[in-house]
Amino acid sequence: MIVTKQILMRDLKRLGVKAGDAVLAHSALSAIGQVRGGANTVIDALLESLGPKGTLLMPALSGNVFDIKKSPTWVGLIPEVFRRRKGVLRSFHPTHSVTAFGARATELIADHLKCPTPCGEGTPYVKLMDIGGKILLLGVDQDRSTSLHSLESLARAPYLSTITRQYRDPADGKTKSVTLRDYPGPHRDFIQLDRLFREAGIMKIGKVGQAVSRLIDAAGMREVGLRALRENPAACLCGNPNCADCVGQRAAIKRHRLSQEDFQLSAVSDCAGHGIEEIIATIEHEGIQHLELRKVNGREFAAFTDQEARAIAARLRARGIRVTALTATLPNADWNRLIDLAALIRAPAVVLPFDACNPEFIRRARRRRVQLRLENFRENSAACAEQLKAIGQKQVSCAFNAAHFAAVAQHPFLGIYMKSPLKRFVTQFYVNDGTFAGEPTLPGQGNAEIKELISILRCASFNGLMTLKPARTLHSFATHAEAFWKLLDTM
Ligand SMILES: [Zn+2]
């Protein structure tokens, strides 16, 4: 079938394009069919449908160095033909330029370069929403809709980046630079938003020629999209676990969330992986930048030479990861050696069991300026509090393991946190849950009152460590971390 201008105008009218509308059109000429007259016919059909009071806009995204007259757009043939038309205006912008023709063209494209972001507040994309404009997707899906980057920007999505781009200043012909924040990409999944727009009744779908096309109310899209991003900051990212881009962007969201908290989230090394690179990758995916070193490559950290310990510390420092403590899996570990290693690599603390602590370690730790954190295993809270009171040292505090307290039939929140003097000694909290029978569970699924404890610690601006230490036989680190994030979501 040959597609003519008349057919296109009829189809556009059916889709809801009206005279006087301001429409931003994204398009794929090949999807429309065999158009008599090609791209120009599509542009004519759009302009005639909008009439003299209407405004047609198209994306004119381009690469470095931006030249408003010469830089071609890379978003398809129709926008490029439109850009070259007589009378079509172009916004001055090195990455996300927009072309426009019609009644409101001048006001819509004005001052694009003055905006601190390419697609956010004050850009033509957001102005279109403000004036009740529409977005037309001619044979393309939501992934092509630049205006959805506007929503990421308006929502201040923490995974957006800052870039510097160049442009040629027409006033003096010189090349100049501009720094832009909220720059989008690399990957995202806008396709999943389509269902939300359909269900909200802000979008109509129909064929224009052979192209399955969408006409969207831009202000309605902003409302629905921002609500989705408020509910889930990852609403524009894909859920593919093998998409390194979105895995990284989700980590940025988690890092941002943690930056709003008083506590520091940490992990125990061998729970997160075997070798140091695997450990780093696993914790970075969870937005975690603090690590407690126990085993690396299957070896106890206490067994490492000075040189080996320094090399691991240097690698972690290079990734911006802080070592919070050294510890061991064995109750009879060489704690003297760990205290010395902590001093060597400037780890602030060593975590050891209450019943392993003795005056010699305390003296050594004081000399080395290393803190000792005592973790409860089989003790009850009263015994722990007594021991800490007796020591009475600034360098010794409690690494509170709620699952272990539950295993000795104590209620970690109602019984201990609310009633026992132990709570004022707590500088570290293991996010470990388990049953009264001593079976480990995911956080929030045992008897250790983990949710209540996390919540009350947050209320008290607890600025110590919350540490993920899943029982390795039970769940992967990622599953344990997911349970922790889900608990936070319910607070
Ligand atoms: Zn992705």
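The following paragraphs examine the structure supplied in this document. Counting starts from 1 at the beginning of each chain's written sequence and moves along it residue by residue. Totals for whole chains, interfaces and linings use all residues, but because this is a predicted model, local features are given only for residues with pLDDT of at least 70 and pairs of side-chain atoms are given and counted only at 80 or more. For the side-chain quantities, the full set of heavy atoms in the structure was used; hydrogens and water were omitted.

## Quick look at the layout of surface pockets
Line of reasoning, step 1. Reported here for the largest pocket is a volume of approximately 900 Å³.
Line of reasoning, step 2. Using a 1 Å grid laid over the protein atoms alone, points where a 1.4 Å probe fits but cannot get out form a cavity; open sets with protein on both sides within 12 Å along at least 5 of 7 lines form a pocket; any residue with an atom within 4 Å of a point counts as lining. Taken together, 33 residues make up the lining of the largest pocket; nearest its centre are N232, A234, R250, I253 and K254.
Line of reasoning, step 3. Only helix 9 (218-231), helix 10 (244-259), helix 12 (276-285) and helix 20 (477-489) provide two or more residues apiece to the lining of the largest pocket.
Line of reasoning, step 4. Ranked by the residues each element gives to the lining of the largest pocket, the list is headed by helix 20, at 8 residues.
Line of reasoning, step 5. Domain extents, as shown, originate in an automatic or database domain assignment. Mapped onto the domain boundaries, the lining of the largest pocket takes at least three residues apiece from domain 1 (2-231) and domain 2 (261-489).
Line of reasoning, step 6. Grid points are joined across faces, edges and corners, and a volume is the space filled by probe spheres set on the points. Here the second largest pocket defines a volume of roughly 590 Å³.
Line of reasoning, step 7. Lining the second largest pocket are 33 residues; nearest its centre among them are E375, F377, N401, H404 and K469.
Line of reasoning, step 8. Residue polarity is assigned by list, with Asp, Glu, Lys and Arg as charged and Ala, Val, Leu, Ile, Met, Phe, Trp, Tyr, Cys and Pro as nonpolar; anything else, Gly included, falls into the polar class. Residue composition of the lining of the second largest pocket, grouped by class: 15 nonpolar, 10 polar and 8 charged. The helix count covers DSSP runs of H or I at least four residues long, the strand count covers runs of E at least two residues long, and both are numbered beginning at the N terminus.

## Considering the sheet that holds strand 4 (residues 55-59)
Line of reasoning, step 1. Whether two strands pair comes down to DSSP finding at least two bridges between them. Pairing in this open sheet of 7 strands is mixed, and the strands run 5-6-4-2-7-11-10 from one edge to the other. Edge positions in the sheet fall to strand 5 (89-90) and strand 10 (203-208), since each of these pairs with one other strand and no more.
Line of reasoning, step 2. In this sheet, strand 6 (residues 98-102) lies alongside strand 5 in antiparallel orientation, the contact comprising 2 bridges. In the strand pairing of strand 6, R90 is matched with T99.
Line of reasoning, step 3. For this analysis, residues touch if any pair of their heavy atoms sits within 4.5 Å. Axes here mean lines fitted to C-alpha atoms, for a helix over just the part in contact, with angles spanning 0 to 180 degrees between N-to-C directions. Here helix 1 (residues 5-15) sits on the sheet and contacts strand 7 (134-138), strand 10 and strand 11 (211-217); the angle it forms with strand 10, its principal contact strand, is near 165 degrees.

## Here's the deal with unusual backbone geometry
Line of reasoning, step 1. Residue N64 is joined to V65 through a cis peptide bond whose omega torsion reads -20 degrees.
Line of reasoning, step 2. Checked against the element boundaries, V65 lands in the loop between strand 4 and helix 4 (77-83).
Line of reasoning, step 3. For the bond running from G185 to P186, omega is 5 degrees, close enough to zero to count as cis.
Line of reasoning, step 4. Assignment of secondary structure puts P186 in the loop between strand 9 (175-183) and helix 8 (193-200).
Line of reasoning, step 5. For D182, which is not a glycine, the phi torsion comes out positive at approximately 60 degrees.
Line of reasoning, step 6. Among the secondary structure elements, D182 is positioned in strand 9.

None of the figures reported here should be taken as evidence of function without further support.
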